[in-house]
Amino acid sequence: MSQYIERYQRRKLISSYFSVVLSIALVLFLLGTLGLLVLNTKKLADHFKEQITISVFLKDNAKPVEIDQLQKSLTLAEYTKSADYISKEDAAEQYSEDIGENFVEFLGYNPLKNSIDVHLKADYVSPEQIAEIAEDLAAKTYVDEVSYDKPLISLLNDNARKISLWILVASAVFTVIAVLLINSSIRLSIYSKRFIIKTMQMVGATKTFIRRPFIWQNIKLGMVGAAVALISLGILVYYINKNFPELNLLQDYMVLIFLFVGVFGLGVLISWASTHFATQRFLNLRTDDLYY
């Protein structure tokens, strides 16, 4: 009978520890994911901004040397990420593939123009700066037209600011929720040992002496939960980097180290604080109040 009770108590204890570790791991993984998003918000916004293209259409009488000089000057410009020359023949071939029909044969001539597609650096993607760049390019005598998507640029900048704000708000809210969830899990774990705590206090043990094993035990559980969360977060980072290499998540390794250390430290800190205050609460209760 005593062995059965002992096994039951052991299974109950393991189940309690598992619940605490799982709660900490899930909450810290969510926080880590939000942290990853917050730290890379600008990079994500910059990635989409750098997809904006300014198309510089050239006149048919533009000389090859003029086109070559323009492309080189654009490539060297401080606002340019890349500048690619697209001949009217290449443009026609690409357009024919898109529509599934050879429109040149149908029309009898190629109405498209030679062009240079300019991708800007993210810091220069704003309505005012692009308008200024487009005006300078259009002033050249061999440039026929400068085209870009004005509504998309305004929409992109407005949404980037809004998304950044909401991500910060969501992160703050989820941080509070995370603290409350981990605190609740640890308090429930300590609640089952409230009579042991009070018994130790009644035989003369100091509060510090009583708290110490509980704090150390839950710090270890917090470390295990944080380790599980970090492994899961590492898998997520690897998956994102593999499928979206243009984000270069692994390039800024210092940011990842900062995030991982922060998640691990947060797990330990919350576990320590929650255990400290939970045990303190039961230490301050009267014996009669332990039954309620």
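So, how was this worked out
Residues numbered from 1 in each chain as written. Predicted model: local features only at pLDDT ≥ 70, side-chain atom pairs only at ≥ 80, totals over all residues. Heavy atoms only, no water. Helix = DSSP H or I, 4+ residues; strand = E, 2+ residues; numbered from the N terminus. Buried < 20%, exposed > 50% of the residue type's maximum accessible area, 1.4 Å probe, protein only. Contact = heavy atoms within 4.5 Å. Areas by Shrake-Rupley, 256 points an atom, 1.4 Å probe, with all protein chains shown as cover. Salt bridge = Lys/Arg side-chain N within 4 Å of Asp/Glu carboxyl O. Pairing = 2+ DSSP bridges. Axes fitted to C-alpha atoms, helices over the stretch in contact; angles between N-to-C directions. Patch = residues over 30% accessible without salt bridge, like charges linked within 9 Å, V, L, I, M, F, W, Y side chains within 5 Å. Lys, Arg positive; Asp, Glu negative; His and termini not counted. Charge placed at Lys NZ, Arg CZ, Asp CG, Glu CD. Core = buried A, V, L, I, M, F, W, Y, C linked by side-chain atoms within 4.5 Å. pLDDT = per-residue confidence, 0-100. Parallel < 35°, antiparallel > 145°, perpendicular 65-115°, else oblique. Left-handed = near helix turned anticlockwise from the far one by under 90°. Nonpolar A, V, L, I, M, F, W, Y, C, P; charged D, E, K, R; others polar. Polar contact = N/O pair within 3.5 Å; in protein donor to acceptor, adjacent residues only side chain to side chain.

### A short note on the overall build of the chain
- Check the secondary structure of the chain and you find ten helices and four strands.
- Each helix and strand of the chain, ordered N terminal to C terminal, gives the series α-α-β-α-β-α-α-β-α-β-α-α-α-α.
- Taking all 292 residues of the chain together, 36% fall into the buried category.
- Long-range pairs, those at least 24 residues apart, make up 82% of the contacts in the chain with a sequence separation of at least 6.
- Here the chain displays about 18000 Å² of accessible surface, and carbon together with sulfur accounts for 63% of that area.

### Regarding the pattern of salt bridges
- In this structure the tally under the stated criterion is three salt bridges.
- We note a salt bridge from Lys81 to Glu50, for which the minimum N-O separation is 2.9 Å. Linking Lys81 in strand S2 (residues 80-86) with Glu50 in the loop between helix H2 (41-49) and strand S1 (53-58), this pair joins segments that are 31 residues apart in sequence.
- Taking the shortest distance from any N to any O, the salt bridge between Asp60 and Lys88 comes out at 4.0 Å. One end of the pair, Asp60, is in the loop between S1 and helix H3 (64-76); the other, Lys88, is in helix H4 (residues 88-99), and 28 residues separate them in sequence.

### What about the sheet that holds strand S4 (residues 143-147)?
- The sheet built from four strands is open, its strands ordered S2-S3-S1-S4 with antiparallel pairing. Strands at the two margins of the open sheet, each flanked by one partner only, are S2 and S4. Direction aside, the axes of adjacent strands within the sheet are offset by 20 degrees on average.
- Pairing of S1 with S4 involves four bridges; the strand directions are antiparallel. From the neighbouring strand, Leu58 faces S4, where its bridge partner is Val143.

### Looking at a negative patch on the surface
- Taken together, Glu89, Asp90, Glu93 and Glu97 make up a surface patch of like negative charges.
- Looking at where Glu93 falls in the secondary structure, it is placed in helix H4.

### Focus on the nonpolar core
- Core analysis: the biggest nonpolar cluster contains 27 residues, and Leu28 and Ile182 have the highest contact counts within it.
- Elements supplying a minimum of two residues to this core: helix H1 (2-39), helix H7 (150-191), helix H9 (207-243) and helix H10 (253-284).
- Sequence-distant contacts of Ile182, that is, excluding residues within four places in its chain, are made with Ile24, Val27, Leu28, Ile270 and Ser274.
- Judged by nonpolar contacts, the second largest core, of 25 residues, contains Leu58, Leu70, Ala83 and Val118.

### What to know about the confidence of the model for the chain
- Model confidence for the chain is summarised by a mean pLDDT of 78, while 85% of its residues fall at 70 or above.
- When mean pLDDT is taken per element in the chain, strand S3 (residues 115-120) scores highest with 88 and helix H5 (residues 103-107) scores lowest with 66.

### Some points on the packing of helix H8 (residues 194-202) against H9
- The N-to-C vectors of H8 and H9 enclose an angle of 150 degrees; their axes lie 9 Å apart at closest approach. When the axis of H8 is compared with that of H9, the two are roughly antiparallel. For the pair H8 and H9, the sense of crossing is right-handed. Contacts between H8 and H9 pair Ile197, Met200 and Gln201 from the former with Lys207, Phe209, Ile210 and Phe214 from the latter.
- For the contact of H8 with H9, the class distribution of residues is five nonpolar, one polar and one charged.

### Some details on the side chain of Glu50
- In terms of polar contacts, Glu50 uses its side chain to reach the side chain of Lys81, at 2.9 Å.
- A polar contact is formed between the side chain of Glu50 and the backbone nitrogen of Ala122, at a distance of 3.4 Å.
- Contact partners of Glu50, with chain neighbours within four places excluded, come to Lys81, His119, Leu120, Lys121 and Ala122.

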